[in-house]
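Understanding the architecture of this molecule
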Amino acid sequence: MLTDLHVHLRPDGPGTAAEEYFTAANAERYRAVATERGIAELGVSEHVYRFSQALDVWRHPLWAASAQDDLDAYCAFVREETDLRLGIEADYVPGAEDRLAELLAARDWDYVVGSVHFVGELAVDHPDYDIWAPGSSPDRVWRRYFELLGEAARTGMFDILAHPDLVKMWGAARPRPARDPRFFYELALDGIAESGIAVEVSTAGLRKPVGELYPAPAFLQMTLEAGNPVALSSDAHVPDDLGAGYEQALALLHDLGVGELAVFERRTRRLEPAGA
């Protein structure tokens, strides 16, 4: 089986109103591409910050500017008008765990994708809130990012840990620590191992400046040795990105001895044989 669970029905940014993209016709476009590419298990996981209810969790300026839609209407649309699995991509915000847990518990997800985009008020991957200001310490940023990643896993709120080394997204365009990145991976590993969370292998990094899969093979190997399963996704925001780069991802999984992928229904995980 091939999966694509970390999927968005619309691009990020303004001019992407729910009324235009949360339609049965648009969902069918995604399903048609998935079928053509041999992806049997297809889900959608919109960014939580696009919904007004997220402002009860965090009121970061990006969230305040983006929270235009109703979360329950999104859930009803996916359940009633599509055959997609229902997910959500929820940012881990330290100090807001109880508020996010309440938001998530009130809805009947198939799975919850947890992600870390922000270190404090600044983002590792968003140019408008760029943490990589002149003089910023790459060691400090990477250390805190991976600490947060481990904390996110340890909360138990998430089923899938998204793009686990997103901090590298800018590639050579941003500074990187000189030391072996495995030092930083270790900071997250205890939380990942203790939680048993599924670790996402994401092809989105192939479409970013870094030009690599998330996570790096060394990091993925560490999580596999810790016993964590794998969830395979593209982080598509348009239909044509579904399954993009899967040949490379599947080759890596084969090389590392991964023969199963995680799938979810009503927050219950099972493993299915990997492959078209």
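Structure first, text after, so check above.
Residues numbered from 1 in each chain as written. Predicted model: local features only at pLDDT ≥ 70, side-chain atom pairs only at ≥ 80, totals over all residues. Heavy atoms only, no water.

Overview of the packing of helix α6 (residues 138-154) against helix α7 (residues 182-195)
For any two helices packed against each other, one specifies the crossing angle of their axes together with the interaxial distance. At a closest axis distance of 7 Å, the pairing of α6 and α7 adopts a crossing angle of 5 degrees. With respect to each other, α6 and α7 are oriented roughly parallel. Residues Asp139, Trp142, Arg143, Phe146, Glu147, Leu149, Gly150, Ala153 and Arg154 of α6 pack against Phe183, Phe184, Tyr185, Leu187, Ala188, Asp190, Gly191, Ile192, Glu194 and Ser195 of α7. Grouping the amino acids of the contact of α6 with α7 by side-chain chemistry returns ten nonpolar, three polar and six charged. (Axes fitted to C-alpha atoms, helices over the stretch in contact; angles between N-to-C directions. Helix = DSSP H or I, 4+ residues; strand = E, 2+ residues; numbered from the N terminus. Parallel < 35°, antiparallel > 145°, perpendicular 65-115°, else oblique. Contact = heavy atoms within 4.5 Å. Nonpolar A, V, L, I, M, F, W, Y, C, P; charged D, E, K, R; others polar.)

Describing α7
Taking 1.5 Å of rise per residue, the 14 residues of α7 would be expected to cover 20 Å, and the 20 Å separating its terminal C-alpha atoms lies within 8% of that figure. The axis of α7 is deflected most strongly, by about 40 degrees, at Ala188. Within α7, the full set of buried residues consists of Phe184, Tyr185, Ala188, Leu189, Gly191 and Ile192. Of the surrounding secondary structure, the elements contacted by the buried residues of α7 are α6, β7 (160-161), β8 (198-202) and α8 (217-225). Backbone geometry just downstream of α7 places Gly196 in the positive-phi region, at approximately 70 degrees. (Expected span 1.5 Å × (residues − 1). Bend = angle between axes of the 7 residues up to and from the residue. Buried < 20%, exposed > 50% of the residue type's maximum accessible area, 1.4 Å probe, protein only.)

Regarding the pairing of β8
Among the five residues of β8, five are classified as buried, and the element is accordingly described as predominantly covered. Sheet analysis places β7 next to β8, joined by two bridges and oriented parallel. Of the residues in β8, the one forming a bridge with Ile160 is Ala198. With α7 bridging β7 and its parallel neighbour β8, the resulting β-α-β unit is right-handed. Looking at chain direction, β8 and strand β9 (residues 230-233) are connected through four bridges and run parallel. (Pairing = 2+ DSSP bridges. Right-handed = clockwise from strand over helix to strand, strands pointing away.)

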